[in-house]
Amino acid sequence: MANTPPAAAQTPAARRGRPGYDQQSVLRIAVEVFNLHGYEATSMGVLAGKLGISKSAIYHHVPSKEELLRLALEEALGGLEGVLMLDGATTGTPDSRLEFVLRQTVAVLVGRLPFVTLLLRLRGNTDMEREALSRRRAFDRTITGLVSAAQSDGSLRDDIAAATVTRLLFGTVNSIVEWYKPGGSLSAAKLADDVLAMTLDGLRK
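Residues numbered from 1 in each chain as written. Predicted model: local features only at pLDDT ≥ 70, side-chain atom pairs only at ≥ 80, totals over all residues. Heavy atoms only, no water.

J.: What am I meant to see in the overall build of the protein chain here?
T.: When helices and strands are counted, the protein chain shows ten helices and zero strands. In sequence order, the protein chain lays out its α and β elements as α-α-α-α-α-α-α-α-α-α. A compact globule built from 205 residues should have a C-alpha radius of gyration of about 17 Å, and the protein chain, at 19 Å, falls within 12% of that. Once the C-alpha set of the protein chain is aligned to its principal axes, its extents read approximately 60 × 35 × 30 Å. A total of 205 residues make up the protein chain; the buried ones form 43% of that total. Accessible surface, the protein chain: about 10500 Å² in total, of which carbon and sulfur atoms supply 53%. The protein chain carries 24 positive and 22 negative side-chain charges, and their two centres are separated by 6 Å. (Helix = DSSP H or I, 4+ residues; strand = E, 2+ residues; numbered from the N terminus. Rg over C-alpha atoms; globule rule 2.2 N^0.38 Å. Buried < 20%, exposed > 50% of the residue type's maximum accessible area, 1.4 Å probe, protein only. Areas by Shrake-Rupley, 256 points an atom, 1.4 Å probe, with all protein chains shown as cover. Lys, Arg positive; Asp, Glu negative; His and termini not counted. Charge placed at Lys NZ, Arg CZ, Asp CG, Glu CD.)

J.: Even after reading the chapter, I still don't get the packing of helix 8 (residues 127-152) against helix 9 (residues 162-174), so can you show me in this structure?
T.: Axis angle and axis distance: for two packed helices, these are the angle between their axes and the distance between the axes, and together they describe the pair. Relative to each other, helix 8 and helix 9 sit at 120°, their axes nearing to 8 Å. Our classification of the angle between helix 8 and helix 9 gives oblique. Read as a crossing pair, helix 8 and helix 9 show a hand that is right-handed. When helix 8 is examined against helix 9, the residues Arg136, Phe139, Asp140, Ile143, Thr144, Val147, Ser148 and Gln151 are found in contact with a partner set consisting of Ala162, Ala163, Val165, Thr166, Leu169, Phe170 and Asn174. In terms of residue class, the contact of helix 8 with helix 9 is made up of eight nonpolar, five polar and two charged. (Axes fitted to C-alpha atoms, helices over the stretch in contact; angles between N-to-C directions. Parallel < 35°, antiparallel > 145°, perpendicular 65-115°, else oblique. Left-handed = near helix turned anticlockwise from the far one by under 90°. Contact = heavy atoms within 4.5 Å. Nonpolar A, V, L, I, M, F, W, Y, C, P; charged D, E, K, R; others polar.)

J.: Can you help me understand helix 10 (residues 188-203) in this one?
T.: The α-helix advances 3.6 residues per turn, and as a result positions three or four apart in sequence lie on the same side. Compared with an ideal rise of 1.5 Å per residue, which puts 16 residues at 22 Å, helix 10 spans 22 Å between its outermost C-alpha atoms and is within 8% of the ideal. Alanine 197 marks where helix 10 bends most, by close to 35°. Every buried residue of helix 10 is listed here: Leu191, Ala192, Val195, Leu196, Thr199, Leu200 and Leu203. If you follow the buried residues of helix 10, they end up packed against helix 6 (94-111) and helix 9. (Expected span 1.5 Å × (residues − 1). Bend = angle between axes of the 7 residues up to and from the residue.)

Set out below in structure tokens:
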């Protein structure tokens, strides 16, 4: 029986701080503001105004703006990396593993949409951002390996380079953050079905 997908995993208990907020609620609002204004352009004063509390009150929850970014990126990257450790990603034929990973990646993206959006908009201006981008590239390399293995065993067409396939696949998946609205008529499961129909069906022999 497969493990529970990361998107459905429960978030660890949040650290309690000032009344009305805990660390997770502060983090969620901070990520919304980062995505709206950009991380670098967002000051602790702007965050305090959005939260309706003082800057010193924010420090009851996190020591710095950088810690908010670290927590947000871990939420996104931890979810994506967790997909690669699930049974469906480690057992079975390469093409079935690739399909599983793509489906669960869409689930993580939808379930953690603001956090993944922030990850995808990083510019690599700080050591923390560069480390996050390095982890993201490592995730992409794993997918390229799956694509290459599926091409080698004849499951996928091999006239397109595996690295190009990966870029095209995730160009489609990553674009979801720009238009998908959770809670609408398009469910995460149907969205994953549509992504796979548009991508893998054209790659299979």
